[in-house]
Amino acid sequence: GSPTTPWGRGRTPGRPASPPGPACAVIDPVLLTNAKNDAEIAFINARAAVRGTPQAISGNLNGLTLYPGLYESGSSIEISPGGFLYLDAQGDGNAVFIIRSETSITTEATSEVVLTKAARATNVYWTAASAVTLGTNSIMKGTMIAGTALSLLTGANLEGRALNQGASAEAVTLDAVTITVPTP
């Protein structure tokens, strides 16, 4: 199965998030530099990805069903408290979803991204020019790439990865969350 890590409370300014404990005390500077460079490449590639004609989205995505492709918003996007966003791969396990915001992405408290019809978290990418915030007890699927800050609030659950990389990258804030690495 996929490794699942319950993350404690903490903030790791300017570097990849690390689980609490002794492993944090020994950080390989080469590994850290490589991780930072890889995150920057992922951010640039995700921001510049071309996958057909982008479909415009904006505001609250609650109750919508998105199909494979590229989605762009010139403003912030969110899923309202207790709301659901469905990503439907239409039976194609290799289908890719790229959802980009020129500002921020927020999942409000207890909201959820639901994968349907063979959609896989490993093929879902969220990018925000500024911040990505997962609300309390919300459920997110996919790789999140923020330009300035990532915040996963109490009880948030991510099946994916959280990368913070941009010219103004700041902190990754984790507060008693669960992160599961998706199956490739």
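If you're wondering where the values come from, they're calculated on a predicted model, not measured in any experiment. All residue numbers refer to positions counted from 1 along the written sequence of the respective chain. Local features in a predicted model are, by the rule used here, given only for residues with pLDDT of at least 70; side-chain atom pairs are given and counted only at 80 or more, and totals for whole chains, interfaces and linings are based on all residues. Neither water nor hydrogens contribute to the side-chain values; these are computed over all heavy atoms in the structure.

(A) Spotlight on the pattern of salt bridges. Salt-bridge detection follows one rule: a side-chain nitrogen of Lys or Arg within 4 Å of a carboxyl oxygen of Asp or Glu. Taken as a whole and assessed by the stated rule, the structure comprises 3 salt bridges. E72 is the salt-bridge partner of R100, the closest N and O atoms lying 2.3 Å from each other. With a gap of 28 residues between them, R100 in strand 9 (residues 97-101) and E72 in strand 6 (residues 69-73) connect regions that are remote in the sequence. Here's how the labels work: a residue is buried when its accessible area is under 20% of the maximum for its type, exposed when over 50%, partly exposed in between, all with a 1.4 Å probe on protein chains only. A relative accessible area of 30% places E72 in the partly exposed class. In this structure, D88 and K117 form a salt bridge, with 3.5 Å as the shortest nitrogen-oxygen distance. A residue pair is termed long-range when its members are at least 10 positions apart, and D88 in strand 8 (residues 84-88) and K117 in the loop between strand 11 (112-116) and strand 12 (124-128) qualify at 29 residues. Relative accessible area serves as the criterion here: at 6%, D88 is assigned to the buried category. Strands are runs of DSSP state E lasting at least two residues, helices are runs of H or I lasting at least four, and both sets are numbered from the N terminus onward.

(B) Up close: unusual backbone geometry. Residues other than glycine seldom take positive phi values, yet T110 does so here, at roughly 60°. Mapped onto the fold, T110 is located in the loop between strand 10 (105-107) and strand 11. By relative accessible area, which is 46% here, T110 ends up partly exposed. Backbone geometry at K117 places phi at a positive 45°, although glycine is not the residue there.

(C) Here's a closer look at the nonpolar core. Counting 31 residues, the largest nonpolar core has L87, F97, I99, W126, M144 and L152 as its most contacted members. Note on definitions: a residue-residue contact is assigned when non-hydrogen atoms from the two residues lie within 4.5 Å. Discounting chain neighbours no more than four positions away, the residues touching W126 are L85, L87, I99, I105, V113, M140, K141, G142, T143, M144 and I145. Definition used in this section: a nonpolar core is a set of buried Ala, Val, Leu, Ile, Met, Phe, Trp, Tyr and Cys residues joined via side-chain atoms within 4.5 Å.

(D) Structural view of the pairing of strand 14 (residues 139-146). Taking burial as the measure, the 8 residues of strand 14 include 7 buried ones, the bulk of the element. Any two strands with at least two DSSP bridges between them are considered paired. Taken together, the 8 bridges between strand 14 and strand 16 (residues 157-164) define a ladder with parallel strand orientation. Its bridge partner lying in strand 16, M144 is registered against A162.

(E) Geometry of the pairing of strand 6. Across the 5 residues of strand 6, 4 count as buried, placing the element largely inside the fold. Taken together, the 2 bridges between strand 3 (residues 55-56) and strand 6 define a ladder with parallel strand orientation. Each residue of the ladder has a partner; that of A56, found in strand 6, is E72. Both strand 6 and strand 9 contribute to a ladder of 5 bridges, which runs parallel. Residue S73 lies in a different strand from strand 9, and its bridge partner there is S101.

(F) Structural view of the side chain of T148. Residue placement: T148 occurs in the loop between strand 14 and strand 15 (149-152). What qualifies as a polar contact is a pair of N or O atoms within 3.5 Å, subject to a donor-acceptor requirement within protein and to the restriction that residues adjacent in sequence count only when both atoms come from side chains. A distance of 3.5 Å separates a polar side-chain atom of T148 from the backbone nitrogen of A131. Non-local contacts of T148, meaning those with residues more than four positions away in its chain, are made with A129, S130, A131, N164, S168, A169, E170 and A171.

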